[in-house]
Amino acid sequence: MPSHEITVSPTKTPETVAAETARRLLPGYRVTLAETRELKQRLDDQAAARDQLAHAIADPLGATVHTPGPSPLGHDPQEAIVRYQGPLAGTARVPRSGGHVAFAFSVAPGDAARVAAFLATFPRTVGWDQGH
């Protein structure tokens, strides 16, 4: 990790201090700045993909998407929430990281068997029932 600290003697001239700062401190800052910009771009790309998927889920349901707002420093919002209602009422949580989308919903008893039959049309995921 690049160094972001230098010690300068108070007996040195301002010109010498400026030269030492430029030579010893700025290269580390430039590396950190480049890494930070790359990370920000990666997070922005993930957030854009998350939001696109959230809207693709929301549109056929006539649902609303609640994207994460500004967060406290050091806390990165991870998921968008799709809230929907109708025959199915619930939420879909779309993670920024591209992981599994978590659906939680409730349905009237009369529609429960139809929902189960529909869900049964999806391929089974091996290991999901083992805590994954």
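**Q** What should I look at first to understand the pattern of salt bridges in this one?
**A** A side chain with one charge can pair with a side chain of the opposite charge if their charged atoms come near. Applying the stated criterion across every chain yields a total of 5 salt bridges. As a salt-bridge pair, arginine 24 and glutamate 20 come within 3.1 Å of each other at their nearest N and O atoms. Taken together, the residues span about one helical turn, with arginine 24 and glutamate 20 both in helix H1 (residues 14–61) at a distance of 4 residues. Overall, the relative accessible area of 34% leaves arginine 24 in the partly exposed class. In this structure, the salt-bridge partner of aspartate 44 is lysine 40, at a minimum N-O distance of 2.8 Å. Taken together, the residues aspartate 44 and lysine 40, both in helix H1 and 4 residues apart, mark about one turn of the helix. Here the salt bridges do not stand alone but share partners, grouping Lys12, Glu20 and Arg24 into one network.

**Q** Please explain the sheet that holds strand S2 (residues 79–84) as it appears in this structure.
**A** To summarise the sheet geometry, strands pair through backbone hydrogen bonds and adopt either a parallel or an antiparallel arrangement. Spatially, 4 strands are ordered S1-S2-S3-S4 in an open sheet, and the strand pairing comes out antiparallel. For this open sheet the edge positions go to strand S1 (64–66) and strand S4 (102–107), each flanked by a neighbour on one side alone. Ignoring which end each strand starts from, the neighbouring axes of this sheet average 15 degrees apart. Of the strand pairs in this sheet, S2 and strand S3 (residues 88–95) are connected by 6 bridges, and their pairing is antiparallel. Residue arginine 83 lies in a different strand from S3, and its bridge partner there is threonine 91.

**Q** Is there a simple way to think about the packing of aromatic side chains in this case?
**A** How two aromatic rings sit relative to each other is set out by the distance from centre to centre and by the angle between their planes. Counted under the stated rule, the structure contains 1 aromatic pair. Look at phenylalanine 118 and phenylalanine 122: their rings are 5.3 Å apart centre to centre, the planes differ by 85 degrees, and that puts the pair in the edge-to-face class. Among the residues examined, phenylalanine 122 registers a relative accessible area of 48% and is labelled partly exposed.

What counts and what doesn't
Residues numbered from 1 in each chain as written. Predicted model: local features only at pLDDT ≥ 70, side-chain atom pairs only at ≥ 80, totals over all residues. Heavy atoms only, no water. Salt bridge = Lys/Arg side-chain N within 4 Å of Asp/Glu carboxyl O. Helix = DSSP H or I, 4+ residues; strand = E, 2+ residues; numbered from the N terminus. Buried < 20%, exposed > 50% of the residue type's maximum accessible area, 1.4 Å probe, protein only. Pairing = 2+ DSSP bridges. Axes fitted to C-alpha atoms, helices over the stretch in contact; angles between N-to-C directions. Phe/Tyr/Trp six-rings, centres within 6.5 Å; stacked < 30°, edge-to-face > 60°.

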